[in-house]
Amino acid sequence: MKSEFEFIDRVMPDVPPPTPAQLAAARARLAEAARATPPAAPGRRVMVLAAAAVVLVIGAIAALMPPAARQPAAATPSQVLAAAAGRLAAQPPGAGRYWRMETEELLRTKGVDGYLVEERGLDVLAFGPDGDVYGWYEAVSTTPYGAKNTETWRRAGSPRLCPAPGCDENLRHYPRQALDEALTFHAVRRPGGGGARWAPTRAELLALPQEAAALKAELSKRYPAGGSVSRADWLLETGSRLVLNVPATPGTRAAAYRMLATLPGVSVIDDVRDPAGRAGVALQLPASGADLVQLVIDRQSGDLLAVQHVAPVPGLPPGVPWSASIIKRAGWGDARPVPPPGCAGCAGTY
Amino acid sequence: MITAPDAFTAVFDAHYTEIHRYLGRRAGLDVAEDLAAETFLIAFRQRKLFDASVGEIRPWLYGIATNLLRRHRRAELRHYRALARTGPPPDDDGHDQRVVDRLTAGVTIARLAELLSRLSTGERDVVLLVAYAGLSYAEVAHALNVAEGTVASRLSRARTKMREALGVEA
């Protein structure tokens, strides 16, 4: 019944248009606000100042305004995300025979002696053109988390904390996941349910739609009906995997951001920091129980910075992740990944 | 490209009056003057973030204006309550007695203002972006950065409330 909205438009009182004097005042206020911001860098080319008064005033604003380095306060997180997704979609798709991703893995957990420790490691995952897949993980360090736990650790005699280099010389590197299923999508399983599974090829992933609605439709086609996994859970799982640790075009990743933002229970939060201290806009996804998954996205490039889990863990300040994958590098190249010497099962096929 | 300053001038000229009108109808002229200026200042600062591949500039501007309005929700509700109490301002041309289509003759600005004040912020945003700005569902979705389905469901809820409040048949 479209007439309801026409009715509102026709019945509700209108307001008079701004007079020329009010319009000029509005422009002057803009110019005044612009003057309150820091001036442009010396030597910056003065913007176009045409003869018309409008152009003069607005051009002056333009010359005084700094580039949009930060989001103005009124930009909603969703607008920031949409802009980031737009810039990601505009990135070139990349070229090379291998898609490779390197992450720093972080886990804040209770150690054997009862105090919180922070485990760090490096993980490599790469997919080749012929169904070949490579992956290995190396522990980097385990340290007490924060001053209080460090003090407890010292009082306990500063015992050696593992995993760390030298803790297990027979297992310095190992694949963190089953490589033959590295491209397989598993939906969140519910108790007693069988879950859902989709095993696309690399080429199929790279051909996925680059528009949110089309991507959702395509992923929905893979949704196994009759299982215990809800369609929303399936889309959450597949959408977040597409932006995390499988080859996909920038357009598909951007579409996945947009699709995820529309799913039930998903929220968008700005100014979230990853454990590396990088700030971004985050898609916050529901996970199991009180656990929340945050996909932290760079505002400027749209690239994924980190995936982190946040939950109320005793000893951790609220909002501090207890687990995170911090993206160090992700992209295409021609160099064939070479697993470290002695790394058993670190290359295979999917 | 709206990132060019002279192009942004054209954006200002093309859309300032309608954004001002939209804000004025929702929150009153006192608030509208401030918010319209702020809308364009924010748009200018964010001009490099505007993504033409996602949507048009007009919904984008309405989105900024609508988000700003949320900081002035009380002013908007005061505006509706004032209309509900007193009807249109004296310089209005007497729309309050207008009869439209199937709507009953008893429907007045006062009743409509009362209804708008009772909608949720999200419902009111989509209703008035459609009614006042003439945006399509897709454009409202772009303006508010929500799914089209969300727009449709909010409009559906608002319609139901309208029918109940105004006593009209669907």
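Residues numbered from 1 in each chain as written. Chains lettered and ligands numbered in written order. Predicted model: local features only at pLDDT ≥ 70, side-chain atom pairs only at ≥ 80, totals over all residues. Heavy atoms only, no water.

Labelled according to an unreviewed UniProt entry, chain B appears under the name DNA-directed RNA polymerase sigma-70 factor, originating from Nonomuraea glycinis. Reading the Sequence similarities (unreviewed entry) entry of the UniProt record for chain B gives the comment "Belongs to the sigma-70 factor family. ECF subfamily." (UniProt positions renumbered as here; feature names shortened; annotations may be inferred.)

Looking at an unreviewed UniProt entry, one finds chain A named CU044_5270 family protein and attributed to Nonomuraea glycinis.

**Q** Give me the overall build of chain B: which residues, what numbers.
**A** In terms of regular secondary structure, chain B is built from eight helices and zero strands. The buried share among the 170 residues of chain B stands at 54%. The contacts of chain B with a sequence gap of at least 6 include a subset with a gap of at least 24, amounting to 66%. (Helix = DSSP H or I, 4+ residues; strand = E, 2+ residues; numbered from the N terminus. Buried < 20%, exposed > 50% of the residue type's maximum accessible area, 1.4 Å probe, protein only. Contact = heavy atoms within 4.5 Å.)

**Q** Quick one: what's the story with unusual backbone geometry, residue by residue and with numbers?
**A** All names here are of chain A. Looking along the chain, the bond that leaves Cys 162 and enters Pro 163 is cis, with omega of 5°. Position of Pro 163 among the secondary structure elements: in the loop between α5 (146-155) and β4 (173-174). Positive phi, close to 50°, is recorded for Ser 158, a residue that is not glycine. Within the secondary structure, Ser 158 sits in the loop between α5 and β4. Ser 158 sits in the partly exposed class, given a relative accessible area of 36%. Of note, Asp 271 is a non-glycine position whose phi angle comes to about 60°, a positive value. If you trace the backbone, Asp 271 turns up in strand β7 (residues 267-273).

**Q** Can you lay out the state of the cysteines for me, pointing to particular residues and giving the numbers?
**A** Residue and element names in this part refer to chain A. Counted by the stated rule, this structure contains two disulfides over all chains. Residue pairing for Cys 162: its cysteine sulfur links by disulfide to Cys 167, the two sulfurs lying 1.9 Å apart. Around the S-S axis, the bridge from Cys 162 to Cys 167 shows a dihedral of about -90° and counts as left-handed. For Cys 162, a relative accessible area of 42% puts it in the partly exposed group. Regarding the disulfides, chain A carries the connectivity 1-2, 3-4 under sequence-order numbering of its bonded cysteines. (Disulfide = S-S within 2.5 Å.)

**Q** Talk me through a positive patch on the surface; I want residue IDs and the actual numbers.
**A** Residues B:Arg73, B:Arg74, B:Arg78, B:Arg81 and B:Arg85 make up a contiguous surface patch of positive charge. Inspection of the secondary structure puts B:Arg85 in helix α4 (residues 73-86). (Patch = residues over 30% accessible without salt bridge, like charges linked within 9 Å, V, L, I, M, F, W, Y side chains within 5 Å. Areas by Shrake-Rupley, 256 points an atom, 1.4 Å probe, with all protein chains shown as cover. Salt bridge = Lys/Arg side-chain N within 4 Å of Asp/Glu carboxyl O. Lys, Arg positive; Asp, Glu negative; His and termini not counted. Charge placed at Lys NZ, Arg CZ, Asp CG, Glu CD.)

**Q** Requested: an account of the UniProt feature "domain: HTH luxR-type" (unreviewed entry) in chain B, with residues and values cited.
**A** Feature annotation in UniProt places "domain: HTH luxR-type" (unreviewed entry) on residues 134-161 of chain B, given in this structure's numbering. Here residues 134-161 of chain B is 79% helix and 0% strand, with 20 Å between the C-alpha atoms at its ends.

**Q** Residues and numbers for the packing of aromatic side chains, please.
**A** Here the structure, examined in full by the defined rule, presents nine aromatic pairs over all chains. Ring centres of B:Tyr16 and B:Phe40 lie 5.4 Å apart, and the angle between their planes is 45°; this geometry places the pair in the tilted category. Residue B:Tyr16 is found in helix α1 (residues 5-27), and its partner B:Phe40 is found in helix α2 (residues 29-45); the two are separated by 24 residues along the sequence. Pair check on accessibility: B:Tyr16 and B:Phe40 agree, each one buried. An aromatic cluster is built from A:Trp99, A:Phe127 and A:Tyr350, whose rings are joined through pairwise contacts. The side chain of A:Arg241 reaches across the aromatic face of A:Phe185, ending 4.9 Å from its centre. (Phe/Tyr/Trp six-rings, centres within 6.5 Å; stacked < 30°, edge-to-face > 60°. Lys NZ or Arg CZ within 6 Å of the ring centre and 35° of its normal.)

**Q** Give me helix α9 (residues 250-261) of chain A: which residues, what numbers.
**A** Residue and element names in this part refer to chain A. With twelve residues, α9 extends 17 Å from end C-alpha to end C-alpha; this agrees with the ideal 16 Å at 1.5 Å per step. In terms of burial, α9 is largely enclosed, as ten of its twelve residues are buried. Looking only at α9, the buried set comprises Pro 250, Gly 251, Thr 252, Arg 253, Ala 254, Ala 255, Ala 256, Tyr 257, Met 259 and Leu 260. (Expected span 1.5 Å × (residues − 1).)

**Q** Let's hear about the packing of helix α7 (residues 212-221) of chain A against α9(A): which residues, and what values?
**A** All names here are of chain A. Viewed as axis vectors pointing N to C, α7 and α9 meet at an angle of 85°, and their least axial separation amounts to 8 Å. For the element pair α7 / α9, the angle class is roughly perpendicular. Touching Ala 212, Leu 215, Lys 216 and Leu 219 of α7 are Thr 252, Ala 255, Ala 256, Arg 258 and Met 259, all from α9. Of the residues that constitute the contact of α7 with α9, the class distribution is six nonpolar, one polar and two charged. (Axes fitted to C-alpha atoms, helices over the stretch in contact; angles between N-to-C directions. Parallel < 35°, antiparallel > 145°, perpendicular 65-115°, else oblique. Nonpolar A, V, L, I, M, F, W, Y, C, P; charged D, E, K, R; others polar.)

**Q** Can you break down the pairing of strand β3 (residues 132-144) of chain A residue by residue, with the values?
**A** Residues and elements named next belong to chain A. Where strand β2 (residues 116-127) meets β3, eleven bridges bridge the pair, whose relative direction is antiparallel. Bridged to Ala 126 within β3 is Tyr 134. In textbook terms, the turn of a hairpin is the stretch between consecutive antiparallel strands, and for β2 and β3 this stretch comprises four residues, one of which, Gly 131, has a positive phi near 80°. In the sheet, β3 pairs with strand β12 (residues 347-349) via three bridges, with the strands oriented antiparallel. Within β12, the residue paired with Tyr 134 across the bridge is Ala 347. Direction of pairing for β3 relative to β4: antiparallel, over a ladder of two bridges. Bridging across to β4, Tyr 137 finds its partner in Tyr 174. (Pairing = 2+ DSSP bridges.)

**Q** Please provide a residue-by-residue account of the packing of helix α4 (residues 77-89) of chain A against α9(A), values included.
**A** Two packed helices can be described by the angle between their axes and the distance between those axes. Residue and element names in this part refer to chain A. Contact pair α4 / α9: the axes reach a minimum separation of 7 Å and the direction vectors enclose 160°. Taken together, the axes of α4 and α9 lie roughly antiparallel to each other. The way α4 lies across α9 gives a crossing that is left-handed. On the side of α4, the interface is formed by Leu 81, Ala 82, Ala 85, Gly 86, Leu 88 and Ala 89, while α9 contributes Pro 250, Gly 251, Arg 253, Ala 254, Tyr 257, Arg 258 and Ala 261. Looking at the contact of α4 with α9, its residues break down into nine nonpolar, two polar and two charged. (Left-handed = near helix turned anticlockwise from the far one by under 90°.)

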